[in-house]
Amino acid sequence: MSDASPPSLPGAVLIACNQNRVRSPMAEGLFRLIYGDRVYVDSCGLRAGEEVDPFAAVVMDELGVDISSHGSKSFDDLEEGNFDLVISLTPEAQHRAVELARGRAVEIEYWPTHDPSLATGSREAVLDAYRQVRDDLRRRIETRFGKPSTFGG
């Protein structure tokens, strides 16, 4: 007999990285794929980048998730931002998340995540680096919050 209860989903999650064009949009898309509208999810960066990274869009499209029209935004672009949880994917975003949380009831988690845009080699080698980050983020999300079948609602 186990006393472990299924993981509970926070009401609102913010995922942060440096430019909001690779890792955080991928994680936001994965949250939506896995949990639908059961949790509000948004993402941002320390500074707004340009459009979403094309390799990130390709590997997310492989899962049926379209992030190609994602609008990059910074912490400063967030509307009010009452989040229950902030997940930062880079050390720089972690520092900014701590500042954002000061004086607020918000949980902060740091999930160090490799930057796949640093990958070199053939197109397929670069795509594999992006797939690795995507798959690692998905595993981390499902491990932390459970798969949809493990909670009610």
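Described below are features of the structure shown in this document. (Residues numbered from 1 in each chain as written. Predicted model: local features only at pLDDT ≥ 70, side-chain atom pairs only at ≥ 80, totals over all residues. Heavy atoms only, no water.)

1. A few points about the overall build of the protein
Item 1. Of the regular secondary structure elements, the protein holds four helices and four strands.
Item 2. Taking 2.2 N^0.38 as the reference for a compact globule, 153 residues should give roughly 15 Å; the C-alpha atoms of the protein span a radius of gyration of 15 Å, in line with that estimate.
Item 3. Summarising its shape, the C-alpha atoms of the protein cover approximately 50 × 40 × 25 Å along the three principal directions.
Item 4. For the protein, the residues scored as buried account for 47% of the 153 residues in total.
Item 5. Considering only intrachain contacts with a sequence separation of at least 6, the fraction spanning at least 24 residues in the protein is 73%.
Item 6. Roughly 8,100 Å² of accessible area belongs to the protein as shown, and the carbon and sulfur atoms make up 47% of that amount.
Item 7. Distance from the positive charge centre (17 side chains) to the negative charge centre (25 side chains) of the protein: 3 Å. (Helix = DSSP H or I, 4+ residues; strand = E, 2+ residues; numbered from the N terminus. Rg over C-alpha atoms; globule rule 2.2 N^0.38 Å. Buried < 20%, exposed > 50% of the residue type's maximum accessible area, 1.4 Å probe, protein only. Contact = heavy atoms within 4.5 Å. Areas by Shrake-Rupley, 256 points an atom, 1.4 Å probe, with all protein chains shown as cover. Lys, Arg positive; Asp, Glu negative; His and termini not counted. Charge placed at Lys NZ, Arg CZ, Asp CG, Glu CD.)

2. Let's talk about the pairing of strand β3 (residues 85-88)
Item 1. In β3, alternate side chains face the same way, and those of L85 and I87 on one face and V86 and S88 on the other are all buried.
Item 2. The pairing of strand β1 (residues 12-17) with β3 spans four bridges and is classified as parallel. Looking at the pairing, I15 lines up with I87 of β3.
Item 3. Pairing geometry for β3 and strand β4 (residues 107-110), over four bridges, is parallel. Paired with S88 across the two strands is Y110, which belongs to β4.
Item 4. As a crossover connection, the stretch from β3 through helix α3 (residues 91-101) into β4 is right-handed. (Pairing = 2+ DSSP bridges. Right-handed = clockwise from strand over helix to strand, strands pointing away.)

3. As for the side chain of R23
Item 1. If you trace the backbone, R23 turns up in helix α1 (residues 23-35).
Item 2. Accessibility expressed as a relative area gives 8% for R23, which makes it buried.
Item 3. With sequence-adjacent residues up to four places away left out, R23 is seen in contact with C17, N18, L89, T90, T113, H114, D115, P116, V133 and L137.

4. Notes on the side chain of E109
Item 1. With respect to the helices and strands, the residue E109 is situated in strand β4.
Item 2. A distance of 3.0 Å separates the side chain of E109 from the side chain of W111, its partner in a polar contact.
Item 3. Ignoring sequence-local partners within four residues, the contact set of E109 consists of L85, V86, I87, S88, Q94 and R144. (Polar contact = N/O pair within 3.5 Å; in protein donor to acceptor, adjacent residues only side chain to side chain.)

5. Focus: the pairing of β1
Item 1. Of all six residues making up β1, six are buried, and the element is well covered by its neighbours.
Item 2. In β1, alternate side chains face the same way, and those of A12, L14 and A16 on one face and V13, I15 and C17 on the other are all buried.
Item 3. Pairing analysis gives six bridges linking β1 to strand β2 (residues 40-45), with the strands arranged parallel. Opposite C17, over in β2, you have G45 as the bridge partner.
Item 4. Handedness of the crossover joining β1 and β2 through α1: right-handed.

6. Digging into the packing of helix α2 (residues 54-61) against helix α4 (residues 123-145)
When two helices pack together, their arrangement is given by the angle between the helix axes and the distance between those axes.
Item 1. Running from amino to carboxyl end, α2 crosses α4 at an angle of 65°, the nearest separation of the two axes being 9 Å. As far as their axial angle goes, α4 and α2 are roughly perpendicular. Once α2 is placed against α4, the crossing between them reads as right-handed. Counting all contacts with α2, which are made through F55, A56, V58, V59 and M60, the residues of α4 involved are R123, V126, L127, Y130, R131 and R134. (Axes fitted to C-alpha atoms, helices over the stretch in contact; angles between N-to-C directions. Parallel < 35°, antiparallel > 145°, perpendicular 65-115°, else oblique. Left-handed = near helix turned anticlockwise from the far one by under 90°.)

7. Notes on the sheet that holds β3
Item 1. The strand order across the open sheet built from four strands is β2-β1-β3-β4, with neighbouring strands paired in parallel fashion. Here the strands that pair on one side only, and so sit at the sheet edges, are β2 and β4. With direction set aside, neighbouring strand axes in the sheet form an average angle of 20°.

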